[in-house]
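What follows is each chain in one-letter form.
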Amino acid sequence: MHKFNLKSPSSFFFIVLLVIGVFSFIPPSYADRVITIQKVSNVNELSLLNALSNVSEYPQIFPDNVKYVKILDNNTKLVEMDAGINGIFFDTKAICTTDANGNYVVQIVSGDLNGTVMTTSLQQTWGFQGQKDGGTIANIDLNVKTTGILSWMLNFIPDSTVSDALGYGFDKFIEYVQTT
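Residues numbered from 1 in each chain as written. Predicted model: local features only at pLDDT ≥ 70, side-chain atom pairs only at ≥ 80, totals over all residues. Heavy atoms only, no water.

A. Expanded view of the pattern of salt bridges. Applying the stated criterion across every chain, the model contains four salt bridges. Residues Lys70 and Glu80 are paired through a salt bridge, measuring 3.8 Å at the closest nitrogen-oxygen approach. Taken together, the residues span a long stretch of sequence, with Lys70 in strand β2 (residues 66–73) and Glu80 in strand β3 (residues 78–85) at a distance of ten residues. For Lys70, a relative accessible area of 42% gives the class partly exposed. Since its relative accessible area comes to 18%, Glu80 is described here as buried. (Salt bridge = Lys/Arg side-chain N within 4 Å of Asp/Glu carboxyl O. Helix = DSSP H or I, 4+ residues; strand = E, 2+ residues; numbered from the N terminus. Buried < 20%, exposed > 50% of the residue type's maximum accessible area, 1.4 Å probe, protein only.)

B. Highlighting unusual backbone geometry. The phi torsion at Lys77 lies on the positive side, around 65°, for a residue other than glycine. Within the chain, Asp133 stands out as a residue other than glycine whose phi angle is a positive 60°. Residue placement: Asp133 occurs in the loop between β6 (117–125) and β7 (135–146).

C. Region of interest: the pairing of β2. The pairing of β2 with β3 spans six bridges and is antiparallel. From the neighbouring strand, Tyr68 faces β3, where its bridge partner is Asp82. Hairpin geometry of β2 and β3 is characterised by an intervening segment of four residues between the two adjacent antiparallel strands and by a positive phi of about 65° at Lys77. (Pairing = 2+ DSSP bridges.)

D. Quick peek at the pairing of β6. Pairing of strand β5 (residues 104–108) with β6, which is carried by four bridges, proceeds in the antiparallel orientation. Following the sheet pairing, Val105 is matched in β6 by Thr119. Pairing geometry for β6 and β7, over nine bridges, is antiparallel. Each residue of the ladder has a partner; that of Gln123, found in β7, is Ile137.

Now the structure itself:
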């Protein structure tokens, strides 16, 4: 019986070929999912939209998740940011705009999340203490597109976890509005 020896050049070559073969059949982009949540907050719509659209404040709103934000182009609303979770950070570029319907749209245009779009529509509602237009209903649609190692990792994260993280992030905006 032939013994498999990793120190042998032929064994090492075989393993490298096997790894290349396996990874060549993995498509470059296979993690694509849509997450939708609705949140109701006790802050008015304009204050919430101002917090969402003020990307330069993201490092203060998310101190553990956003290292920096740099506005690259005021006309196109192109920004560069270093953001992540659990110590894994990604440099990425995004276009952050308000569309014709008043929705706040963040479109990732570089990196492993290229093509990801988050659309947030806001609607005034009654505040929690009964004040007219004192609250906001937010509908958030996140269309996640990933490539590279991130797409493989994302397959192991359930939609409920992504949804919870999205809701937590939105809650941070609400807290920011309430404390400023």
